[in-house]
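# Structural features, examined
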Amino acid sequence: MAQAMRPNTAGGLFASDGKPHPLQDTLLAVTMALGLTAFISAQFHNLHLLSSWTGLVGILTGAYGQWVSVTTRERFGLILGLGLSAVGFFLGMAHGGLFGGVVD
């Protein structure tokens, strides 16, 4: 009868626990927005300040979000945002860095 004790996960892999998590949802949204901004702006060499700073802040908010996350849905979104932030940050650093150094 061990099956009777398992939680119902028929809702899918990303099923929530049914409870509100306003802090975690906010961190998820902020990390995704920063990650997208960092990744898109990293495609342009002259926007390295924007991409490196938004990437850095996205990495920090995503790391804190991973620390306090509760559900798989939150962790999955945070990992996507962290990946986008990291790529944007590293490309921004390669294009000139956090403080506007010129790289030829």
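As shown above, the structure is provided for reference.
Presented here is an overview of the structure given in this document. (Residues numbered from 1 in each chain as written. Predicted model: local features only at pLDDT ≥ 70, side-chain atom pairs only at ≥ 80, totals over all residues. Heavy atoms only, no water.)

### Re the overall build of the chain
Test applied: We count a stretch as a helix when DSSP gives it H or I for four or more residues in a row; a strand needs E for two or more, and each element gets its number in order from the N terminus. Relative accessibility thresholds used throughout: buried, under 20% of the residue-type maximum; exposed, over 50%; partly exposed, between the two (1.4 Å probe, protein chains only). Contact definition: two residues touch when any of their heavy atoms are within 4.5 Å. Here the accessible surface of atoms and residues is derived via Shrake-Rupley with a 1.4 Å probe, and residues count as covered only by protein chains that are part of the display.
A tally of regular secondary structure across the chain gives three helices and zero strands. For the chain, the N- to C-terminal ordering of α and β elements is α-α-α. In the chain, which comprises 104 residues, the share counted as buried stands at 34%. Taking contacts inside the chain between residues at least 6 apart in sequence as the whole, the part at least 24 apart equals 76%. Surface summary for the chain: the accessible area is close to 6,600 Å², and the carbon and sulfur share equals 72%.

### Considering the packing of helix α2 (residues 48–68) against helix α3 (residues 72–95)
Stated precisely, the cut-off is as follows: Orientation is described by lines fitted to C-alpha atoms, with helices fitted over the stretch in contact, and by angles between N-to-C directions that extend from 0 to 180 degrees. Put simply, angles under 35 degrees are roughly parallel, angles over 145 are roughly antiparallel, angles from 65 to 115 are roughly perpendicular, and the rest are oblique. Handedness of a crossing is defined here by the sense of rotation of the near helix relative to the far one, left-handed for an anticlockwise turn of less than a right angle and right-handed for a clockwise turn.
Viewed as axis vectors pointing N to C, α2 and α3 meet at an angle of 150°, and their least axial separation amounts to 7 Å. Looking at the two axes, α2 sits roughly antiparallel to α3. In this structure, α2 meets α3 at a crossing whose hand is left-handed. For the pair α2 and α3, contact is made by His 48, Ser 51, Ser 52, Gly 55, Leu 56, Gly 58, Ile 59, Gly 62, Ala 63, Gly 65 and Gln 66 and by Arg 75, Leu 78, Ile 79, Leu 82, Ser 85, Ala 86, Gly 88, Phe 89, Gly 92, Met 93 and His 95, respectively.

### With respect to the packing of aromatic side chains
Stated precisely, the cut-off is as follows: Paired rings are identified among Phe, Tyr and Trp, the last through its six-membered ring, by centres lying within 6.5 Å, and are further divided according to the angle between planes into stacked (under 30 degrees), edge-to-face (over 60) and tilted (the rest).
The full count for this structure, using the stated rule, is three aromatic pairs. Ring centres 5.7 Å apart and planes at 80° place the aromatic pair Trp 53 and Phe 99 in the edge-to-face group. Taken together, the residues Trp 53 in helix α2 and Phe 99 in the segment after α3 connect sequence positions 46 residues apart. Trp 53 sits in the partly exposed class, given a relative accessible area of 36%.

### Quick look at the side chain of Gln 24
Inspection of the secondary structure assignment puts Gln 24 in helix α1 (residues 22–41). Relative accessible area serves as the criterion here: at 12%, Gln 24 is assigned to the buried category.

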